[in-house]
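Per-entry structural report
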Amino acid sequence: MPLISKDLFKKPNNALEGGVDAQPPAAEERTVTCSECKAVLPLDVFKAQAHVCPRCGALHAMSARERILWLVDADSFQEMDAALLPQDRLGFPAYAGKLRKVQQESGEPEGVVTGTGMLDGMPCALFSMNPEFIMGSMGAVVGEKITRLFEYAAAQRLPVIGYIVSGGARIQEGMFSLMQMAKTSGAVLRHSQAGQLYIAVLTHPTTGGVVASFAMEADIILAEPKALIGFAGPRVIEQTMRQKLPEGFQRAEFIMEKGFVDRIVPRDAQRRELSQLLRAHRKEGLA
Amino acid sequence: MTAAYERVQAARQKGRPTSMYYIQHIFTDFLEMHGDRRYADDAAVVGGIAMLGGMPVTVVGIEKGVDTDEKVRRNFGSAHPEGYRKALRLMLQAEKFGRPVVCLIDTSGAFCGIGAEERGQGLAIAENLMAMMGLSVPIISLVIGEGGSGGALALGVADRVWMLENAVYSVISPEGAASIVWKDAGKAAEASEALRLTATDLYGFGMVERVFPEADGDFAALCDTLRTAFTQEFEALRTLPVQAMVEQRYQKFRKIGGDAL
Ligand SMILES: [Zn+2]
């Protein structure tokens, strides 16, 4: 059964990100068009709104780095393991070239950014996945960086906030990809056994092997409105069941109704709620 | 036809022994335990208590079924969340009573369906990965046929992961990989080769500690070999302090994909 589905990433909600970079670099004139309602917006307005369309409310994709910088206190983010580069361990056909291409397009070496930062003055460890990096798939370096982050956070007694977006496993890394599910789960377990808080924020889409590991292992699981969340992608399920899926199936609202997500949090409330949750779990507050 | 694809076909071969065969031929006094005590009894996963020589063990296996009726009843070995939850329930019970755990893996993958999603297929697998990583009794997982992705790994976080000679273990089915990477499910043979999914490949990667030759199809003889191997390995694992055993289990997976960075 596929742990990854390409079609998820063709949803219009995610289409705008590419459009932003496609604009000519004519400074203040730059605009973006909402793929949902076709509203034309100045780029700076759009970015200031955390990529939410002010007219129709559609949530558009954010890159891993934008997420973190938008969330944490100014100048507080310190990246970890930025030099870890993916490897073509299997010599998988066309993978090396694909990596080079996506690295150039995204400006990122791999599919996750990790590090530490402050949220309203409270320290935390953070990871944020890249939707544009081979569909947010989990290769060995993604697993390694997340594992190192949880190990560091356990040792330093820090909470972890993870922004998740993923199509699942990275096929081109074969079993090295699958085994990251076990590895990250072990690291999450140890961080949890150290008594530390882990909050996952599931964004569109969160599927496959990531759902079957660290996305579902958090103490608190938040989701963005309408985010698609599931083990199998909708097209695979339709093929298996030979029927159309009902409207809203696997969307965050449905997943919460079924009992697998704590809260759905719109983007403009995320910073406040995450800060509130960190505050509620501060150990020194108990003294 | 590539060598890897021949292994894939051998692993899926009609008439190849399934989990119940190994349970009956390796162990004695197997008593099957049903249900996850949450929702249902998933026939795609069998589990229970058995004797390995003089040692009580908990055995959990993914069972594809033998004849057509049984295959349908067992959903062709594609488990729902309740199957993984039954496995977890029995493993936690084994932990309570200090019994070693044997997992037998043979699945094309976790079931991809509406009910499976509604009842948390992803969560069920994730919970097994986490729980197995910390379980305080020894675990040996043996891939006897198909090791299909997350649905196989859900029983595969073990102190020792072993494979039969013709078993395969892959992040995705060759057909799935071919249709995603080459947009052509017909390229399954090429994909099988590229995915490096044979027992020999995984032994080379250090993901699997032992590969058992299939004794030219004499599976009864193979079961004798396996009985001895399980017994010796559990005896060895039981000499380790629990903390050291769990630490080694973590470090074994921890290394994968992180060594050359
Ligand atoms: Zn709009």
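Rules used throughout
Residues numbered from 1 in each chain as written. Chains lettered and ligands numbered in written order. Predicted model: local features only at pLDDT ≥ 70, side-chain atom pairs only at ≥ 80, totals over all residues. Heavy atoms only, no water. Helix = DSSP H or I, 4+ residues; strand = E, 2+ residues; numbered from the N terminus. Buried < 20%, exposed > 50% of the residue type's maximum accessible area, 1.4 Å probe, protein only. Contact = heavy atoms within 4.5 Å. Areas by Shrake-Rupley, 256 points an atom, 1.4 Å probe, with all protein chains shown as cover. Salt bridge = Lys/Arg side-chain N within 4 Å of Asp/Glu carboxyl O. Donors = N, O, S within 2.8 Å, 3.2 Å for Na, K, Ca; no water. Tetrahedral: all angles 85-135°; square planar, octahedral: opposite > 155°, others 65-115°. Polar contact = N/O pair within 3.5 Å; in protein donor to acceptor, adjacent residues only side chain to side chain. Domains from an automatic or database assignment. Buried area = accessible area lost by both parts, 1.4 Å probe. Axes fitted to C-alpha atoms, helices over the stretch in contact; angles between N-to-C directions. Parallel < 35°, antiparallel > 145°, perpendicular 65-115°, else oblique. Core = buried A, V, L, I, M, F, W, Y, C linked by side-chain atoms within 4.5 Å. Phe/Tyr/Trp six-rings, centres within 6.5 Å; stacked < 30°, edge-to-face > 60°. Lys NZ or Arg CZ within 6 Å of the ring centre and 35° of its normal. Arc of directions from axis to C-beta.

Thoughts on the overall build of chain A
Along its length, chain A carries 9 helices and 10 strands. Per-residue burial over chain A gives 60% buried out of 287 residues. Taking as baseline every contact in chain A between residues at least 6 positions apart, the subset at least 24 positions apart corresponds to 68%. Split by element, the accessible area of chain A, about 11300 Å² in all, is 51% carbon and sulfur.

Here's the deal with the pattern of salt bridges
For side chains of opposite charge, pairing can occur when their charged atoms come near one another. Applying the stated rule across the entire model yields 31 salt bridges over all chains. Of the charged contacts in the structure, one is a salt bridge between Glu 144 of chain A and Arg 148 of chain A, with a shortest N-O distance of 2.8 Å. With Glu 144 of chain A and Arg 148 of chain A both in helix 5 (residues 140-156) and 4 residues apart, the pair spans about one turn of that helix. As a salt-bridge pair, Arg 254 of chain B and Glu 144 of chain A come within 3.0 Å of each other at their nearest N and O atoms. One end of the pair, Arg 254 of chain B, is in helix 12 (residues 242-254); the other, Glu 144 of chain A, is in helix 5, on a second chain. A cluster of three or more residues bridged by salt bridges with shared partners is formed by Asp 81, Glu 144, Arg 148, Glu 151 and Lys 183 of chain A together with Arg 254 of chain B.

Here's the deal with the coordination of the zinc ion
A four-donor tetrahedral metal ideally has 109.5 degree angles, and a six-donor octahedral metal ideally has angles of 90 or 180 degrees. Residues and elements named next belong to chain A. Bound to the zinc ion are the protein donor atoms Cys 34 (SG), Cys 37 (SG), Cys 53 (SG) and Cys 56 (SG), situated 2.3 to 2.4 Å from the metal. Taken together, the 4 donor atoms coordinating the zinc ion span angles of 105 to 112° at the metal, a pattern that classifies the geometry as tetrahedral. Considered as a linear motif, the donors of the zinc ion on their single chain read C-x2-C-x15-C-x2-C. The class of Cys 34 is buried, set by a relative accessible area of 0%.

Some thoughts on the environment of Thr 203 of chain A
Residues and elements named next belong to chain A. Along the polypeptide, Thr 203 turns up in strand 7 (residues 198-207). Considering only alpha carbons, one finds Thr 203 and Ile 146, 57 residues apart in sequence, at a separation of 17 Å. Among residues more than four places away in sequence, those in contact with Thr 203 are Arg 67, Tyr 163, Ile 164, Val 165, Glu 224, Ala 227 and Leu 228. Looking at Thr 203, its side chain comes within polar contact range of the main-chain oxygen of Ile 164, at 2.8 Å.

Quick notes on the domain arrangement of chain A
It is common to give the size of an interface as the accessible area lost on bringing the parts into contact. All names here are of chain A. Examined at the domain level, chain A breaks down into domain 1 (27-60) and domain 2 (61-280). When each unit is reduced to the centre of its C-alpha atoms, the spacing between domain 1 and domain 2 is 24 Å. With 6 residues of domain 1 at the contact, the number on the domain 2 side is 7 residues. In total, domain 1 and domain 2 occlude about 580 Å² of area from one another, counting both sides; carbon and sulfur atoms represent 56% of this. The interface formed by domain 1 and domain 2 includes 1 salt bridge. Of the charged contacts, one joins Lys 47 and Glu 66 as a salt bridge, the two residues approaching to 3.5 Å between their closest N and O atoms. Counting across the domain 1 and domain 2 interface gives 5 residue pairs in polar contact (both at pLDDT 80 or more).

Notes on the interface of chain A and chain B
Each partner contributes residues to the interface: chain A has 55 residues there, and chain B has 52 residues. In total, about 4700 Å² of surface goes out of reach between chain A and chain B, with carbon and sulfur atoms giving 72% of it. Between chain A and chain B we count 3 salt bridges in total. Note that Glu 247 of chain B and Arg 190 of chain A form a salt bridge whose closest N and O atoms lie 2.6 Å from each other. Applying the counting criterion to the chain A and chain B interface returns 12 residue pairs in polar contact (both at pLDDT 80 or more).

Concerning the packing of helix 8 (residues 174-181) of chain B against helix 9 (residues 188-195) of chain B
A pair of packed helices is captured by two measures, namely the crossing angle of their axes and the spacing between those axes. Residues and elements named next belong to chain B. Their axes nearest at 8 Å, the elements helix 8 and helix 9 cross at an angle of 100°. One finds that helix 8 runs roughly perpendicular with respect to helix 9. In contact with Pro 174, Glu 175, Ala 177 and Ala 178 of helix 8, helix 9 contributes Ala 188, Ala 191, Ser 192 and Leu 195.

A few points about the nonpolar core
Counting 146 residues, the largest nonpolar core has Phe 127 of chain A together with Tyr 169 and Phe 230 of chain B as its most contacted members. Per-element tally for this core: the top contributor is helix 6 (residues 174-193) of chain A, with 9 residues. Not counting residues up to four positions away in its chain, the partners in contact with Tyr 169 of chain B are Met 175, Leu 178 and Met 179 of chain A together with Val 143, Gly 147, Ala 152, Leu 153, Gly 156, Val 161, Met 163, Leu 197 and Leu 202 of chain B. Counting 21 residues, the second-largest nonpolar core is a separate cluster that includes Leu 126, Ile 220, Leu 274 and Leu 278 of chain A.

Structural notes on the packing of aromatic side chains
The geometry of an aromatic ring pair is captured by the separation of the ring centres together with the interplanar angle, meaning the angle of the planes. Summed over the entire model, instances satisfying the criterion amount to 12 aromatic pairs over all chains. Among the aromatic residues, those joined into a cluster by ring pairs are Phe 27, Trp 162, Phe 212, Phe 230 and Phe 234 of chain B. Of note, Arg 89 of chain A hangs over the ring of Phe 176 of chain A, and the distance from its end group to the ring centre comes to 5.1 Å. Above the ring of Trp 162 of chain B, the side-chain terminus of Arg 210 of chain B is found at 5.4 Å from the ring centroid.

Quick look at helix 2 (residues 19-26) of chain B
Buried residues of helix 2 of chain B: Ser 19, Met 20, Tyr 22, Ile 23 and Ile 26 of chain B, and no others. Seen end-on, helix 2 of chain B carries its buried residues on one side only, within an arc spanning 160°.

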